[in-house]
Amino acid sequence: MNYNNIILETEERTALITINRPESLNALNSKTIQELSSAFEELENNTSIRAIIITGSGEKSFIAGADIKEFSDFGTKAAEELSRNGQKILFDKIENLSKPVIAAINGFSLGGGLELAMACHIRYASENAKLGLPEVTLGLIPGYGGTQRLPKLVGKGLANEMIFSAKMISAQKAKEIGLVNEVYSLEELLMKTKELASQISRNSPMGISKAIIAVNQSDKETGFETEIKAFGELFEMEDKKEGVQAFLDKRKPSF
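Throughout, a residue's number is its position along its own chain's written sequence, starting from 1. For a predicted model such as this one, the threshold for reporting local features is a pLDDT of at least 70, and the threshold for listing and counting side-chain atom pairs is 80 or more; totals across whole chains, interfaces and linings nevertheless cover every residue. Side-chain figures throughout are based on the complete set of non-hydrogen atoms in the structure, without hydrogens or water.

Asker: What's the story with the overall build of the chain in this structure? I'm lost.
Answerer: Secondary structure follows DSSP: runs of H or I at least 4 residues long count as helices, runs of E at least 2 residues long count as strands, and numbering of each begins at the N terminus. Scanning the chain from N- to C-terminus turns up 10 helices and 10 strands. Computed over its C-alpha atoms, the radius of gyration of the chain comes to 19 Å, within 12% of the 18 Å expected for a compact globule of 255 residues. C-alpha atoms of the chain, sized along the principal axes, occupy 60 × 40 × 35 Å. With a 1.4 Å probe rolled over the protein chains alone, any residue whose accessible area is under 20% of its type maximum counts as buried; one over 50% counts as exposed, and the rest are partly exposed. Per-residue burial for the chain yields a buried fraction of 45% across its 255 residues. Contacts are assigned to residue pairs that have any heavy atoms within 4.5 Å of one another. Of all intrachain contacts in the chain linking residues separated by at least 6 positions in sequence, the fraction that spans at least 24 positions is 69%. Calculation of accessible area relied on Shrake-Rupley with a 1.4 Å probe; when residues are assessed, cover is drawn exclusively from the protein chains displayed. Accessible surface computed for the chain: about 13,500 Å², of which carbon and sulfur atoms make up 53%. Charge separation in the chain, taken as the distance between the mean sites of 30 positive and 35 negative side-chain charges, equals 2 Å. Here the globule rule is a power law, 2.2 Å times the number of residues to the power 0.38, and the radius of gyration is based on C-alpha atoms. Working convention for charge: Lys and Arg count positive, Asp and Glu count negative, and His plus the chain ends are omitted. Note that the charge is assigned to NZ on lysines, CZ on arginines, CG on aspartates and CD on glutamates.

Asker: Looking at this structure, how should I read the domain arrangement of the chain?
Answerer: By a widespread convention, an interface's size corresponds to the accessible area lost as its parts come together. Taken domain by domain, the chain holds domain 1 (6-201) and domain 2 (205-249). The split of the chain into domains comes from an automatic or database domain assignment. For domain 1 versus domain 2, the distance between C-alpha centres works out to 27 Å. The interface of domain 1 with domain 2 comprises 10 residues on the first partner and 6 residues on the second. Here domain 1 and domain 2 share an interface that buries about 590 Å² over both sides, 59% of which is from carbon and sulfur atoms. A quick way to say it: buried area is the sum, across both parts, of accessible area lost when two parts are put together, with a 1.4 Å probe. Taken as a group, R50, S98 and K152 account for 49% of the area that domain 1 buries against domain 2, more than any other trio of residues on that side.

Asker: Could you clarify how one ought to interpret unusual backbone geometry in this entry?
Answerer: Among all residues save glycine, negative phi is the norm, and among peptide bonds the norm is trans. Phi at L25 takes a positive value of approximately 55 degrees, unusual for a residue other than glycine. Structurally, L25 can be placed in the loop between strand 2 (14-19) and helix 1 (30-44). The partly exposed category is assigned to L25, whose relative accessible area is 34%. Non-glycine residue K250 carries a positive phi angle of around 55 degrees. Mapped onto the elements, K250 comes out in the segment after helix 10 (238-249).

Asker: Could you clarify how one ought to interpret the sheet that holds strand 8 (residues 130-132) in this entry?
Answerer: By way of backbone hydrogen bonds, the strands of a sheet pair with one another, either parallel or antiparallel. Overall, mixed pairing links the 4 strands, which are arranged 4-6-8-9 in an open sheet. Looking at the sheet topology across the chains shown, the edges are occupied by strand 4 (61-63) and strand 9 (169-170). Here, any two strands with at least 2 DSSP bridges between them count as paired. Pairing analysis gives 2 bridges linking strand 4 to strand 6 (residues 108-110), with the strands arranged parallel. Residue pairing for strand 6: S61 is matched across the bridge by F108. Between N-to-C directions, angles span 0 to 180 degrees; the directions come from axes that are lines fitted to C-alpha atoms, helices contributing only their stretch in contact. Across the sheet, helix 3 (residues 112-119) touches strand 4, strand 6 and strand 8, and the angle it forms with strand 6 is around 90 degrees.

Asker: Sorry if this is basic, but what is going on with the packing of aromatic side chains here?
Answerer: Each aromatic ring pair is described using two quantities: the centre-to-centre distance and the angle formed by the ring planes. For Phe, Tyr and Trp, where Trp contributes only its six-membered ring, two rings pair if their centres lie within 6.5 Å, and the inter-plane angle classes them as stacked under 30 degrees, edge-to-face over 60, or tilted in between. For the structure on display, the rule yields 3 aromatic pairs. Ring centres 4.6 Å apart and planes at 15 degrees place the aromatic pair F91 and Y144 in the stacked group. Of the two residues, F91 is situated in helix 2 (residues 76-95) and Y144 in the loop between strand 8 and helix 4 (146-154); the sequence distance between them amounts to 53 residues. On the basis of relative accessible area, Y144 is assigned to the buried category, the value being 9%.

Asker: Help me out: how do you make sense of the pattern of salt bridges in this one?
Answerer: Pairing between side chains of opposite charge can happen when their charged atoms approach one another. Between Lys or Arg on one side and Asp or Glu on the other, a salt bridge is scored when a side-chain nitrogen of the former is within 4 Å of a carboxyl oxygen of the latter. Scanning the model with the defined rule gives 15 salt bridges in all. The closest approach of N and O atoms between D67 and K69, which form a salt bridge, is 3.3 Å. Residue D67 is classed as buried on the basis of its relative accessible area of 9%. Residue K69 is classed as exposed on the basis of its relative accessible area of 69%. Notably, a salt bridge pairs E195 with K192, separated by 4.0 Å at the nearest N-O pair. Of the two residues, E195 and K192 both sit in helix 7 (residues 186-201), 3 residues apart, roughly one turn of that helix. Look at E195 and you get partly exposed, because its relative accessible area is 42%.

Asker: How should I be thinking about the packing of helix 8 (residues 205-216) against helix 9 (residues 223-234) in this particular structure?
Answerer: The description of two packed helices rests on the angle between their axes and on the distance between the axes. Helix 9 packs onto helix 8 with a crossing angle of 170 degrees between their chain directions and a minimal axis gap of 9 Å. Overall, the two elements helix 8 and helix 9 adopt an arrangement that is roughly antiparallel. Note on element contacts: helix 9 touches helix 8 through T226, E227, A230, E233 and L234, opposite M206, G207, K210, I213 and A214. Looking at the contact of helix 8 with helix 9, its residues break down into 5 nonpolar, 2 polar and 3 charged. Oblique is the label for any angle not under 35 degrees, not over 145, and not in the 65 to 115 range, which are roughly parallel, roughly antiparallel and roughly perpendicular in turn. Residues were grouped as follows: Ala, Val, Leu, Ile, Met, Phe, Trp, Tyr, Cys and Pro as nonpolar; Asp, Glu, Lys and Arg as charged; and all remaining residues, including Gly, as polar.

Structure (structure tokens):
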């Protein structure tokens, strides 16, 4: 598929998605959301891809937020559809993808941009990154899952503080509170993210897929049962057979 607002590249078992709207600091508009949705669907069905990185073009911004011009005159029904459709076709899709998605946050990650990063499974950030949810300054609230995912990552109190104050926090502060995993220089960010993706890609894709499902259920009553069933199901799969046999043979597994 040809994309206008994103660039999709593959290198061995890793895919790199770059949001390419530098003139608007990579703001999310409806076309970009649809292209991202299509790209993730394409990569989900590509058996040669084991991990996915998403980043923004340029050195200033990962995603500066949603494109406000698109919904400035919406009423209640249209706004609800915007939120629901965005969550369904992109943000929930990322969170529930069977392959790990790593956000390489290279600059501003605000509003919908931070919400997209939080939907990813892992987040690395550059030292110049600024993260925040400024929606209340517009008389709104985060509408792409921000009020739900942020408390799970940093706790209710810190989530309330960030959402109510609309303040931006530094990458180092984001690491301290558990919002991002690691912080690197801008020059190192993509390299370090690719190193992680490569390490992930050497492991069992079926094991990782089941782990994503189980971890995503960790805050629900069904979480432990989900883990038990996933653990059991893996015993009938080729990845488990190869992994255990490789361990017994004292060799590296070939997944």
